[in-house]
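Summary of the model geometry
Here is what each chain is made of, one letter per residue.
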Amino acid sequence: WRIIKEKTNRKPTSNDIPCLISGKEYTTLMEKVSCLNAQFTENDVNSCSDRAADTIPYLGPRPKPDPDTNIYPFLSTLQVSEFEVWKTIQELDVNKATGPDGVSSRLILACADSLSTPLAIIFRKSLDSGLFPRTWKIANVTPIFKKKGERSNPQNYRPISILSNFSKILEK
């Protein structure tokens, strides 16, 4: 790609994060990761300020599962069919990055006919029990430069979360 970019006069870009400066200089990979993590979590906490909390209506206490069936009634009304799962798999973008589980959307798409039934069963059980598989909650967070300001300023990066394709399918 470097040769093609040179021949077409395109400027090479770098995905490497330079030395970060936020009160102190961060040069090693672990220092940069810690600095950006602190920046992203600080922004997340600030986004949930008292102002935001005042605008969200209180919906009452968290519902409990039915004691006889251990099923959450509000989630059990959601329908998940094999066809819906298959159709959602067909809509996956095969050009997107693979999530932390390492299962690519291209593989899921190739196995859609075989995966639709077991995934529909897992999704149904997840909704009935009110439990979400822990491994589907994990995300790879990648810092993306905002294209404004100094690359050495951690505030000029935003986080992008790359989720498991299975959690994306259930979400849709």
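The coordinates are above.
First things first, this report covers the structure right here in the doc. (Residues numbered from 1 in each chain as written. Predicted model: local features only at pLDDT ≥ 70, side-chain atom pairs only at ≥ 80, totals over all residues. Heavy atoms only, no water.)

With that settled, consider the overall build of the protein. Secondary structure assignment for the protein yields eight helices and four strands. Secondary structure elements of the protein occur, N-terminal to C-terminal, as α-β-β-α-α-α-α-α-α-β-β-α. Classification of the 172 residues of the protein by burial places 22% in the buried group. (Helix = DSSP H or I, 4+ residues; strand = E, 2+ residues; numbered from the N terminus. Buried < 20%, exposed > 50% of the residue type's maximum accessible area, 1.4 Å probe, protein only.)

This part is about the side chain of Ser167. If you trace the backbone, Ser167 turns up in helix H8 (residues 165–171). Sequence-distant contacts of Ser167, that is, excluding residues within four places in its chain, are made with Phe132 and Trp136. (Contact = heavy atoms within 4.5 Å.)

For the second largest pocket, the calculated volume is near 160 Å³. Lining of the second largest pocket is provided by Gln79, Val80, Glu84, Val85, Thr88, Phe123, Leu127, Ile169, Leu170 and Lys172. Of all the secondary-structure elements, those providing two or more residues to the lining of the second largest pocket are helix H5 (82–90), helix H7 (112–129) and H8. Of all the elements, H5 adds the most residues to the lining of the second largest pocket, at three residues. By residue class, the composition of the lining of the second largest pocket is six nonpolar, two polar and two charged. (1 Å grid on protein atoms, 1.4 Å probe; cavity = no way out; pocket = protein on both sides within 12 Å on 5 of 7 lines; lining within 4 Å. Points joined across faces, edges and corners; volume = space filled by probe spheres on them. Nonpolar A, V, L, I, M, F, W, Y, C, P; charged D, E, K, R; others polar.)

Running from N to C, H5 and H7 cross one another at 120°; their axes reach a closest spacing of 8 Å. Taken together, the axes of H5 and H7 lie oblique to each other. The two elements H5 and H7 cross, and the hand of that crossing is right-handed. Where H5 abuts H7, its residues Glu82, Val85, Trp86, Ile89 and Gln90 lie against Ala112, Asp113, Ser116, Thr117, Leu119, Ala120 and Phe123. Looking at side-chain class alone, the contact of H5 with H7 contains seven nonpolar, three polar and two charged residues. (Axes fitted to C-alpha atoms, helices over the stretch in contact; angles between N-to-C directions. Parallel < 35°, antiparallel > 145°, perpendicular 65-115°, else oblique. Left-handed = near helix turned anticlockwise from the far one by under 90°.)

Keep in mind these values describe shape, not function.
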